[in-house]
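Structural overview for review
Here's the letter readout for the chains.
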Amino acid sequence: MGYFYDFHVHSNECSGCARTPARDMVPALKAAGYSGFVLTNHFLNGNNCVPNELSWEEKMAQYYNAYLSAKEVGAEMDMDVFFGIEYHYGNAQEILIYGIDHDFLAGNPDMCEIPVTELCDRVHKYGGFVSHAHPFRERGYIPKGNFLMDLSYVDAIEIYNSANREVEDEKAQALCRELNLAYTAGNDLHLDSHLANFPNAGLEFDCRIRDDKDLVELLKSKSGRLRFSGERFFK
Ligand SMILES: [Zn+2]
Ligand SMILES: [Zn+2]
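A short tour of the structure in this document, coming up. (Residues numbered from 1 in each chain as written. Chains lettered and ligands numbered in written order. Predicted model: local features only at pLDDT ≥ 70, side-chain atom pairs only at ≥ 80, totals over all residues.)

As for the nonpolar core
- Counting residues in hydrophobic clusters, the biggest one holds 64 residues, and the most contacted among them are Phe37, Leu39, Ile95 and Ile97.
- Those residues in contact with Ile95, other than ones at most four positions away along the chain, are Tyr87, Tyr89, Val116, Val130, Ser131, His132, Ala133 and Val154. (Core = buried A, V, L, I, M, F, W, Y, C linked by C-beta atoms within 7 Å. Buried ≥ 20, exposed ≤ 12 C-beta atoms within 10 Å, placed from the backbone. Contact = placed C-beta atoms within 7 Å.)

Describing the packing of helix 1 (residues 22-31) against helix 2 (residues 56-77)
- Look at helix 1 against helix 2: their axes get within 7 Å of each other, and the N-to-C directions meet at 35°. The chirality of how helix 1 crosses helix 2 is right-handed. Counted together, Ala22, Arg23, Met25, Val26, Pro27 and Lys30 of helix 1 and Ala66, Tyr67, Ser69, Ala70, Val73, Gly74 and Met77 of helix 2 form the full contact between these two elements.
- In the contact of helix 1 with helix 2, the residues fall into 9 nonpolar, 2 polar and 2 charged. (Axes fitted to C-alpha atoms, helices over the stretch in contact; angles between N-to-C directions. Helix = DSSP H or I, 4+ residues; strand = E, 2+ residues; numbered from the N terminus. Left-handed = near helix turned anticlockwise from the far one by under 90°. Nonpolar A, V, L, I, M, F, W, Y, C, P; charged D, E, K, R; others polar.)

A few points about helix 5 (residues 166-179)
- Here helix 5 is 14 residues long and its end C-alpha atoms lie 20 Å apart, about the 20 Å a rise of 1.5 Å per residue gives.
- Every buried residue belonging to helix 5 is among Asp169, Ala172 and Cys176, and all of these are buried. With its buried residues spanning 55° around the axis, helix 5 presents them on a single face. For helix 5, exposure combined with an orientation more than 90 degrees from the buried face picks out Val167, Ala174, Arg177 and Glu178.
- Of the surrounding elements, those touching the buried residues of helix 5 are strand 6 (156-161) and strand 7 (182-186).
- At the exit of helix 5 stands Asn180, carrying a positive phi of roughly 55°. (Expected span 1.5 Å × (residues − 1). Arc of directions from axis to C-beta.)

Topic: the pairing of strand 8 (residues 202-205)
- When strand 1 (residues 3-9) meets strand 8, the two strands line up antiparallel, connected through 3 bridges. Within the sheet, the bridge partner assigned to Tyr3 lies in strand 8 and is Phe205.
- Judged from the 3 bridges that link them, strand 8 and strand 9 (residues 225-227) form a sheet pairing that is antiparallel. Each residue of the ladder has a partner; that of Glu204, found in strand 9, is Arg225. (Pairing = 2+ DSSP bridges.)

Section: the pairing of strand 4 (residues 93-98)
- When you tally the buried positions in strand 4, you get 6 out of 6 residues, the bulk of the element.
- What you see with strand 4 is no split at all: Gln93, Ile95 and Ile97 on one side and Glu94, Leu96 and Tyr98 on the other are buried throughout.
- Note that strand 3 (residues 80-90) and strand 4 share 6 bridges and pair antiparallel. Paired with Tyr87 across the strands is Ile95, a residue of strand 4.

Pasting the structure below:
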């Protein structure tokens with residue numbers, strides 16, 4: 001048994017579609033066997049619930065404070081909690097950004113206005129990591145057609161998303177092999193009780209992830225083992 005992490009979790013302080021506070025995700029994920037997770041709330045250009053009238057600083061504090069509240073509980077429960085975001089770049093396509101922090105957000109107040117490729121460049125310069133979220137998801141809210149960004153700008157694609165259908169993740173896994181990309185996996189968790197219904201997916205590593213630098217290095221190393229159990233939520 002290794003160390004099991006969920007790389008895609010939302011919370012209701014920032015994500016408009018989430019129902020559980022970040023701090024309550026910690027015991028729920030621990031009970032499901034995880035060693036930790038990355039909080040990846042929908043950013044301002046996605047399904048967020050951060051008040052529009054706030055300043056950039058206040059908005060970024062709302063994102064980071066949600067993470068800090070979970071991290072505090074994580075420290076008490078021996079769970080590793082990391083900060084990330086899910087960024088919508090158009091046509092319901094999203095990227096997951098890891099290895100960034102409050103300084104990155106504070107220093108990039110134009111990050112919702114620049115091309116997604118430029119944002120990827122900035123994240124990489126900062127030492128961060130980009131994974132394309134659910135690249136083959138088909139839903140009513142996603143326009144039909146290929147709107148995927150230039151994937152040479154991302155480090156990884158999400159090869160398992162518990163809220164996907166199996167066929168959608170199989171396509172992602174095939175593309176990942178074809179392009180020899182790194183990969184991420186997670187539940188796309190929006191509600192703690194969904195862990196009872198979702199397949200409880202993530203990546204398992206031989207060692208514990210200590211910090212952001214570790215997290216980025218481990219993802220780049222492609223040493224994570226995809227793990228999941230249970231039934232698909234969507235058939
Ligand atoms: Zn959502
Ligand atoms: Zn998501």
